[in-house]
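Observations on the model geometry
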Amino acid sequence: MIRELYQKTVRETSINITNCAIDSVRKKSIMKSGCRVYDNGFIGVAGTFGEPTEKTWAEAEERLKDQIPYPFEPEKNRKRVRDLRQLNISDEEFIKEMEDLLKTLNSEYPDFIFSHKINICESEISLKNDAGLDYVNYDKTIEYVLLVKHRDSINIIDSGLIRQGRTLQKKEFIEDARMFLDAFRNEVSLPQQGKIPVIVEPGMLLSKINESLNGEQIGFGTSLFCNKINTKVFNSDLHIIQDRTEEKYHTPFFDTEGVTQKDDVYYLVRNGVIEKAYTDKMNAKRFSMPLTGSASGDYDEVPSLSSADLSIVPGKKTLKELINGGPAILVIMASGGDYTSSGDFASPVQMAYLTDGEKIIGKLPEFNISGNLYEIFGDDFIGMSCDRAFMGEKALVVKMNVNY
Amino acid sequence: MIQFPKDLYTDVRIETVYKTTILVENFQLKQKKIKEEKGALIRIYDGTRWFYGATTDISNLQKEIDNLAKMAKPNPSIYDDPIVKKFEINRETLLRYQDSNVSKVSIEDKHDLLNSYVPVVKEFPQVKMSQIYYLDKYTEKHIISSKGTDVKFDAQYCCVTVRYRMQEGDVPHNGSKDIYKMYFNELANRQDEVREELKKDLEYCTQAVPVKPGVYTCVLSPVVTGVFAHESFGHKSESDFMVGDETMKREWTIGKVVGSTSLNIIETGLIPGAGYVPFDDEGTRGRKNYIIKNGVLTGRLHSCNTAVALDEELTGNARAVSFEYEPIVRMTTTYIEAGNQTKDELIKSIDEGIYIEDIKHGSGMTTFTIAPRKAYMIRNGRIAEPVRISVITGNVMKTLHEIDGFSNEVELFSFPLGGCGKMEQFPLSVGFGGPYIRVHGINVQ
């Protein structure tokens with residue numbers, strides 16, 4: 001019998017902002033422990049808050065009687081520690097810095113109301129077993145999520161100012177805020193209706209690809225990509241990876257089964273060709289697919305396959321070069337959109353700016369975007385920028401249908 | 001016995017949660033677990049700022065309180081603070097599920113119940129993947145405050161939920177059926193409900209065609225009506241967005257006409273189900289609140305903080321998703337009241353429209369959105385072919401005036417595998433529902 005311990009610890013200091021001022025401070029330190037035991041091809045799991053006790057291990061052993069199949073060897077004799085923490089600031093200093101940030105925003109932009117959260121979050125995720133596996137991933141980030149409302153507006157929220165990073169980035173956040181809030185005051189129209197370049201948060205458009213690259217769904221014959229493995233269906237410049245690199249915040253370099261990949265990446269789509277589905281151990285074996293290390297699950301669950309951390313590999317062009325002189329739409333808020341089962345996407349865009357890739361030109365009225373999966377990532381895929389022009393993020397640019 | 005820090009307001013919410021999860025995935029046991037968790041959220045207020053601490057170390061609660069209090073500035077006048085004065089003092093124990101607590105049912109009985117639903121799914125070879133869950137949750141909350149509140153109450157649910165993915169041709173389709181109840185013995189012998197949903201999904205999967213985008217009159221089923229009420233107006237009734245905002249106070253004056261004259265929206269924590277909140281997470285007693293009556297804005301939802309800021313009464317809507325978070329203004333059970341027509345009467349008058357039967361998700365700001373799971377054209381007053389729709393949208397304040405028909409029976413729902421998200425707190429259990437309603441001018445894509 002092998003014993004394995006999966007632990008997640010989150011320490012957080014969270015500042016809540018209401019009506020332009022800090023109204024509360026929340027502190028949290030929560031450790032969650034999942035005890036796993038492997039025996040005769042079965043797995044037993046039990047969880048607890050804090051450090052596990054012998055009672056927790058006994059509960060995990062007790063669950064072996066359920067005979068949940070796990071006919072795989074746990075990972076053995078591997079050790080790695082990845083420590084991504086850089087931020088070193090006391091709670092008192094953090095509160096003082098954020099009071100100062102709000103003072104700047106309030107004095108320069110008295111016509112706006114700022115609210116919501118600024119958090120410092122530190123995570124420690126480990127997977128260790130008595131067969132020599134010893135993995136630990138540390139990360140610590142600051143996350144600015146300020147909701148913005150103009151004092152004359154009748155919307156609940158007009159816009160958002162968002163940035164996440166491993167350093168304080170207060171100066172960069174304020175610079176971004178100035179750029180966006182100045183542009184907010186300049187109302188402009190859509191440059192045209194029809195297909196135009198749109199800069200959009202990748203996760204929203206990748207959701208269908210994430211769902212359809214699931215190895216279990218492909219194996220069982222219920223994915224849009226069932227008959228498209230090793231087929232070129234997207235733009236030649238599109239490469240999609242499972243991403244466990246430092247680019248992803250609070251994502252450990254190992255999956256919940258302890259599987260890792262070279263350089264913490266795994267190519268699923270290369271040059272527009274769907275090369276692989278993502279898998280956990282169970283589905284890799286069941287469908288004779290490569291093991292990609294994509295198991296997930298809560299701390300006290302049997303590892304399983306749900307979705308993967310996907311990224312689009314950036315190209316060599318900056319955002320300005322991708323847009324190539326023409327105007328583009330930078331989507332700030334697009335809530336509620338979705339794909340149909342056949343891959344048609346549509347969403348209202350509640351907040352967007354017009355940009356040339358370098359400067360924010362003005363605020364656009366509310367409109368709708370739509371497109372088909374194979375077009376968005378096919379002929380309409382413009383690229384993923386190599387620079388971080390806005391909000392500290394690389395930018396996905398695609399052409400989409402835009403109309404009021 | 002907690003020693004509350006001097007010259008500060010303090011309250012403590014201790015949550016004890018018992019949960020069972022059994023998952024049979026593709027007809028093979030995947031998860032089978034019982035989880036018992038206990039944690040607390042401490043709140044301290046000094047008249048200027050709130051300080052929150054979340055802990056699982058209940059045995060050292062006093063130490064946690066004392067440490068948190070060091071961040072606050074003692075205020076001898078704290079009990080004269082308007083927020084502190086506004087807090088209700090309630091002392092009550094309301095353990096309505098103690099005798100029928102789901103933790104008293106053996107996990108093997110729960111597993112047997114789940115297994116009784118497996119054969120139904122096996123009847124459909126078109127189902128390529130399936131997940132059949134048994135889920136339950138019993139929560140006991142104990143809220144004590146330095147002002148004298150001491151309430152203890154419980155809530156519970158149990159459910160069988162079936163998720164499946166079927167495929168005919170090139171296009172996969174996700175379907176689901178939830179059987180959500182308060183008591184374990186209510187979950188048995190409902191296989192026919194699952195079978196009927198599977199049949200409908202299979203028909204939809206094989207026959208649905210892309211919708212022609214446009215503006216349509218839509219008939220919403222009760223579950224869609226519920227999500228519409230929640231997303232379109234429920235979130236707008238959460239008063240935290242109005243604090244310190246003179247424009248919004250003017251825009252949302254009580255007495256303003258906001259919808260058609262037949263529209264009534266109710267918000268209450270008193271109905272057993274996912275939105276059952278007999279006391280909110282500040283210890284305020286739950287009540288029935290009309291937020292729209294006859295098309296007129298009659299109320300909004302409050303925490304103590306927002307009630308003071310807007311000089312209104314408490315409503316019992318301060319809720320947190322778990323002990324790890326502070327309470328904020330949230331919905332409980334939100335529904336539209338019934339009218340006097342039948343479903344068929346609502347549809348009969350429509351030459352070309354759309355019937356939205358089921359949803360994947362919704363969202364609501366100035367524009368509300370609903371992503372349908374199953375929808376059908378209405379042609380010449382009858383339900384016709386199934387159509388695939390990405391999303392339906394509309395401007396909230398315009399759409400509420402466009403509702404002109406309500407069927408005569410309200411149905412209430414809960415999502416066992418989801419809930420309401422607001423900022424960082426997701427998923428919060430809420431109830432929602434209403435009758436069938438007819439709405440004009442919906443943008444369909």
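It should be noted that the structure appears before, not after, this text.
Notes on the structure in this doc start here. (Residues numbered from 1 in each chain as written. Chains lettered and ligands numbered in written order. Predicted model: local features only at pLDDT ≥ 70, side-chain atom pairs only at ≥ 80, totals over all residues. Heavy atoms only, no water.)

1. A short note on the interface of chain B and chain A
- At the junction of the two partners, chain B supplies 62 residues and chain A supplies 69 residues.
- With both chains or domains summed, chain B and chain A bury close to 5600 Å², and 51% of this area falls on carbon and sulfur atoms.
- It is K30, R49 and M365 of chain B in chain B that bury the most area against chain A; as a group they hold 11% of the surface buried on that side.
- Along the contact surface separating chain B from chain A lie 15 salt bridges.
- Remark: the boundary between chain B and chain A carries 33 residue pairs in polar contact (both at pLDDT 80 or more).
- Considering each element in turn, the side of chain B that touches chain A owes the most residues, 9 residues, to strand β2 (residues 28-45) of chain B.
- Looking at the side of chain B that touches chain A, its residues break down into 21 nonpolar, 21 polar and 20 charged. (Contact = heavy atoms within 4.5 Å. Buried area = accessible area lost by both parts, 1.4 Å probe. Salt bridge = Lys/Arg side-chain N within 4 Å of Asp/Glu carboxyl O. Polar contact = N/O pair within 3.5 Å; in protein donor to acceptor, adjacent residues only side chain to side chain. Helix = DSSP H or I, 4+ residues; strand = E, 2+ residues; numbered from the N terminus. Nonpolar A, V, L, I, M, F, W, Y, C, P; charged D, E, K, R; others polar.)

2. Quick notes on helix α1 (residues 54-63) of chain A
- Among the residues making up α1 of chain A, those that are buried are T56, W57, A60 and R63 of chain A. Here the buried residues of α1 of chain A occupy an arc of 115° about the axis, which is enough to place them on one side. Counted as exposed and oriented over 90 degrees from the buried face of α1 of chain A: E54 and K55 of chain A.
- Buried residues along α1 of chain A sit in contact with β1 (2-18), β2 (21-39) and β3 (42-49) of chain A together with β2 and α3 (107-115) of chain B. (Buried < 20%, exposed > 50% of the residue type's maximum accessible area, 1.4 Å probe, protein only. Arc of directions from axis to C-beta.)

3. Concerning the pairing of strand β9 (residues 214-220) of chain B
Residue and element names in this part refer to chain B.
- Counting buried positions over the 7 residues of β9 gives 5, a clear majority of the element.
- The pairing of β9 with strand β25 (residues 437-444) spans 6 bridges and is antiparallel. Its bridge partner lying in β25, V219 is registered against R438.
- Looking at chain direction, β9 and strand β16 (residues 352-364) are connected through 4 bridges and run parallel. Paired with T217 across the bridge in β16 is G353. (Pairing = 2+ DSSP bridges.)

4. Here's the deal with the sheet that holds strand β12 (residues 296-297) of chain B
Residue and element names in this part refer to chain B.
- Across the sheet, 6 strands lie side by side as β12-β11-β10-β15-β24-β21; this open sheet has mixed pairing. The open sheet has two free edges, formed respectively by β12 and β21 (411-413), since each of these has just one partner strand.
- Where strand β11 (residues 288-293) and β12 come together, 2 bridges link them in antiparallel fashion. By the bridge assignment for β12, K293 is matched with V296.
- Sitting on the sheet, helix α6 (residues 222-234) is in contact with β10 (265-268), β11, β12, β15 (333-336), β21 and β24 (431-434), with an inclination near 115° to β24. (Axes fitted to C-alpha atoms, helices over the stretch in contact; angles between N-to-C directions.)

5. Here we look at empty space enclosed by the protein
- A complete count under the given rule lists 4 cavities of 30 Å³ or more for this structure.
- Volume-wise, the largest cavity comes out at about 90 Å³.
- Of all the secondary structure elements, the ones that give two or more residues to the lining of the largest cavity are α6 (281-286) and β15 (304-305) of chain A together with β2 of chain B.
- Here the second largest cavity defines a volume of roughly 60 Å³.
- In this structure, the second largest cavity is lined by I43, G44, V45, R63, D66, I68, D300, E301 and V302 of chain A together with Q31, K32 and K33 of chain B.
- Listed by contribution, the elements that provide at least two residues to the lining of the second largest cavity are β3 of chain A together with β2 of chain B.
- Taken together, the residues of the lining of the second largest cavity break down into 4 nonpolar, 2 polar and 6 charged. (1 Å grid on protein atoms, 1.4 Å probe; cavity = no way out; pocket = protein on both sides within 12 Å on 5 of 7 lines; lining within 4 Å. Points joined across faces, edges and corners; volume = space filled by probe spheres on them.)

6. What to know about α3 of chain B
- Residues I107, K110, H111, L113 and L114 of chain B constitute the buried set of α3 of chain B. Buried positions in α3 of chain B, seen along its axis, are confined to an arc of 155° and lie on one side of it.
- Packed against the buried residues of α3 of chain B are α1 of chain A together with β1 (9-25), β2, α4 (118-122), β5 (127-145) and β6 (150-168) of chain B.

7. Let's talk about the packing of aromatic side chains
- Throughout the structure, instances matching the rule amount to 37 aromatic pairs over all chains.
- Of the aromatic side chains, those joined through ring pairs into one cluster are F225, F234, Y374, F377 and F381 of chain A.
- For K28 of chain A, the ring lying beneath its charged end belongs to Y325 of chain B, and the centroid distance is 4.3 Å. (Phe/Tyr/Trp six-rings, centres within 6.5 Å; stacked < 30°, edge-to-face > 60°. Lys NZ or Arg CZ within 6 Å of the ring centre and 35° of its normal.)

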